[in-house]
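Chains, contacts and geometry: an overview
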Amino acid sequence: MTNRRAQPTPQQTLSLGSDLPVRRLGYGTAQLAGPGYWGPRGSDADAAALLRRAVELGVTLVDTADNYGPDVAEERIAAALHPYGDDLVIATKGGVVRDSAEAWHIAGRPEDLRAMCEASLRRLRVERIDLYQLHRLDPEVPMAEQLGALGRLRDAGKIRHVGLDSVTAEQLQAALDLDIVPIASVQNRYNVLDRAGEPLLKLCEARGIAFLPWFPLGNGSLTGHPVCAGIAAAHGATPSQVALAWLLHHSPVLCPTPGTGSRRHLEENLGGARLALTAGDMERLDRLAEPADLTSRS
């Protein structure tokens, strides 16, 4: 009987900061760029159709970055969706410069971040970016200077909310302790197989910070996983939908934004929000974490 007991239905929305509600399954745009995030992938017309379909299906959070292309994803978003609907949130990132498909570097000096933010504003055709995430902390620049630059952009009305990408729980706590600018989100690798970020997730839960997991499908490794496949078969679903539904059930602050260049995969992924996993399903999926990841949950 335990295996048939339904889990509570996860909430469908969360708030970035305290004032910006989004649906908890968004769309990531990395696949609008080519291999190595270099150049465009496919035609502009196909990219526009995909973005518009995502919005038609109820997506209210589109996640991107200035180095996807570079510039390509932001430009394609604006071409397809501008002027943006009142409930559509565009999240972008700065702080990484892509030199080629094989090379990139971190650029976290205040003048760099200011210039990157200004360029994203132009490409996205907005006066204020809803969520601007620091793509990487620059180890050569004091954290206070990087957060201070984003705080000044926020004070100037060019950023609504600030987030951090690829940080540890200790780094997030340090940013919170500095209290220079409110942190609305983090974006880190996290999925049913890879839970090394569990301490970071627990901190986000305690502080009401949204956690946007990248590689929510394990960079494809979960699409054929036998446990996910078995649960999917019982529900008439797909392994990808099971993996995404696990995230939505696992924590109310998780907000996956899976990326794809395929309309079929887009529609499949978004169907994960409608999948109700049972307590037994969750127990089976919870056991998939690596032993080191499980010990980090204490």
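The following paragraphs examine the structure supplied in this document. Every value quoted in this text rests on a predicted model; they were computed, and no experiment measured them. (Residues numbered from 1 in each chain as written. Predicted model: local features only at pLDDT ≥ 70, side-chain atom pairs only at ≥ 80, totals over all residues. Heavy atoms only, no water.)

Digging into the packing of aromatic side chains
To keep it simple, the criterion reads: The pairing test for Phe, Tyr and Trp rings, Trp by its six-membered ring, is centres within 6.5 Å, and the orientation test on the planes gives stacked under 30 degrees, edge-to-face over 60, and tilted for anything in between. Runs of E in the DSSP output that reach at least two residues are strands. Runs of H or I that reach at least four are helices, and both are numbered from the N terminus. The rule is simple: take the accessible area with a 1.4 Å probe, protein chains only, and divide by the maximum for that residue type; under 20% is buried, over 50% is exposed, in between is partly exposed.
The tally for this structure, following the rule as stated, stands at four aromatic pairs. Note on Tyr190 and Phe211: the rings are 5.6 Å apart at their centroids and 65° apart in plane angle, and the pair reads as edge-to-face. Placement of Tyr190 in the loop between strand E10 (183-189) and helix H6 (198-207) and of Phe211 in strand E11 (residues 210-214) is noted, with a sequence separation of 21 residues between them. Here the two residues Tyr190 and Phe211 agree in accessibility, since each one is buried. The structure contains a cluster of three or more aromatic residues connected by ring pairs, namely Tyr190, Phe211 and Trp246.

A word on the layout of surface pockets
Over the atoms rolls a probe the size of a water molecule, and its path tells where empty space is left. Inclusion rule: Residues are said to line a cavity or pocket when one of their atoms sits within 4 Å of a point; the points come from a 1 Å grid over protein atoms alone, cavities being sets where a 1.4 Å probe fits but cannot get out and pockets being open sets with protein on both sides within 12 Å along at least five of seven lines. Grid points are joined across faces, edges and corners, and a volume is the space filled by probe spheres set on the points. In this classification, the charged set is Asp, Glu, Lys and Arg, the nonpolar set is Ala, Val, Leu, Ile, Met, Phe, Trp, Tyr, Cys and Pro, and all remaining amino acids, among them Gly, are polar.
Space inside the largest pocket adds up to approximately 800 Å³. In terms of lining residues, the largest pocket is bounded by 35 residues, among which Ala30, Gln31, Tyr37, Phe215 and Gly259 are the most central. The element contributing the most residues to the lining of the largest pocket is helix H9 (residues 263-270), with three residues. Of the residues belonging to the lining of the largest pocket, the class tally is twelve nonpolar, 17 polar and six charged.

Examining the environment of Val141
Locating Val141 in the fold gives a position in the loop between strand E8 (129-134) and helix H4 (143-155). Put simply, Val141 and Pro110 are 31 residues apart on the chain and 8.9 Å apart in space, counted from C-alpha to C-alpha.

A look at the pairing of strand E1 (residues 13-16)
The test is simple: Note on pairing: two strands pair once DSSP finds at least 2 bridges between them.
Burial along E1 is one-sided: the residues Leu14 and Leu16 are buried and none of Thr13 and Ser15 is. With four bridges joining them, E1 and strand E2 (residues 20-23) adopt antiparallel strand pairing. For Thr13, the partnering residue across the bridge sits in E2 and is Arg23.

Some remarks on the pairing of strand E5 (residues 89-94)
Spelled out, the test is: Orienting the strands away from the viewer, one traces the path from the first strand over the helix to the second; a clockwise path indicates a right-handed crossover.
Of all six residues that make up E5, six are buried, and the element is covered over most of its length. Traced from strand E4 (residues 61-63) through helix H2 (residues 72-81) to E5, the parallel crossover comes out right-handed. As paired elements, E5 and E8 share four bridges and run parallel to each other. Looking at E8, one finds that Lys93 is bridged to Gln133.

Concerning H6
Operational definition: Any two residues whose heavy atoms approach within 4.5 Å are treated as being in contact.
What H6 keeps buried is the set Glu198, Leu200, Leu201, Leu203 and Cys204. Lining the buried residues of H6 we find helix H5 (169-178), E10, E11 and helix H8 (239-250). Gly208 occupies a position one or two residues after H6 and carries a positive phi of about 70°.

What about the environment of Leu176?
Mapped onto the secondary structure, Leu176 falls in helix H5. Relative accessible area serves as the criterion here: at 14%, Leu176 is assigned to the buried category. Residues Leu176 and Ser100 lie 76 residues apart in sequence; the distance between their C-alpha atoms is 34 Å.

Focus on the side chain of Glu268
The condition that has to hold: When charges are tallied, Lys and Arg are placed among the positive residues and Asp and Glu among the negative ones, while His and the ends of the chain are skipped. The salt bridge definition used is simple: a Lys or Arg side-chain nitrogen within 4 Å of an Asp or Glu carboxyl oxygen. In protein, a polar contact requires one atom able to donate a hydrogen and another able to accept it; more generally it is a pair of N or O atoms within 3.5 Å, and residues adjacent in sequence count only if both atoms are side-chain atoms.
Within the secondary structure layout, Glu268 lies in helix H9. Here Glu268 occupies a buried position and makes no salt bridge, while the nearest side chain of opposite charge, Arg264, is found at 4.0 Å. At 2.8 Å, the side chain of Glu268 and the side chain of Thr238 are in polar contact.

Re the nonpolar core
Note the cut-off: The definition of a nonpolar core used throughout is a set of buried Ala, Val, Leu, Ile, Met, Phe, Trp, Tyr and Cys residues joined through side-chain atoms within 4.5 Å.
Within the largest apolar cluster, 73 residues are counted, with the highest numbers of intra-cluster contacts made by Leu172, Phe211 and Leu285. At six residues, the largest contribution of residues to this core is made by H8. Ignoring any residue separated from it by four or fewer positions in sequence, one finds Leu285 in contact with Val192, Arg195, Val227, Cys228, Ile231, Val242, Trp246 and Leu277. Membership of the second largest hydrophobic core comes to twelve residues, among which are Leu61, Ala91, Leu131 and Cys255.

A few points about the state of the cysteines
Put simply, the rule reads: To count as a disulfide, a pair of cysteine sulfur atoms needs to be within 2.5 Å.
Per the stated rule, a full pass over the model turns up zero disulfides. Not engaged in a disulfide, the cysteine Cys204 finds its nearest cysteine sulfur in Cys255; these two sulfurs lie 12 Å apart. For Cys204, a relative accessible area of 0% gives the class buried.

Observations regarding the packing of helix H1 (residues 44-56) against H9
The cut-off we apply is this: Every axis in this analysis is a line fitted to C-alpha atoms, fitted for helices over the stretch in contact. Angles between the N-to-C directions lie between 0 and 180 degrees. Roughly parallel here means an angle under 35 degrees, roughly antiparallel means over 145, roughly perpendicular means 65 to 115, and every remaining angle is called oblique. Definitions for this section: a left-handed crossing has its near helix turned counterclockwise from the far helix by less than a right angle. A right-handed crossing has that turn clockwise.
Across the interface, H1 lies against H9 with an axial gap of 10 Å and an inter-helix angle of 20°. Between H1 and H9, the angle falls in the class roughly parallel. Where H1 crosses over H9, the handedness of that crossing is right-handed. On the side of H1, the interface is formed by Leu50, Arg53 and Ala54, while H9 contributes Arg263, Leu266, Glu267 and Leu270.

Thoughts on the pattern of salt bridges
The final tally for this structure, using the stated rule, is 15 salt bridges. Here Arg76 and Asp44 are joined by a salt bridge, their closest N and O atoms 3.0 Å apart. Residue Arg76 is located in helix H2, and its partner Asp44 is located in helix H1; the two are separated by 32 residues in the primary sequence. A salt bridge links Lys202 to Glu205; the nearest nitrogen and oxygen atoms lie 3.7 Å apart. Linking Lys202 with Glu205, this pair stays in helix H6, spanning three residues, or about one helical turn. Look at Lys202 and you get partly exposed, because its relative accessible area is 38%. Since its relative accessible area comes to 29%, Glu205 is described here as partly exposed. The network of salt bridges with common partners includes Arg53, Glu56, Arg263 and Glu267.

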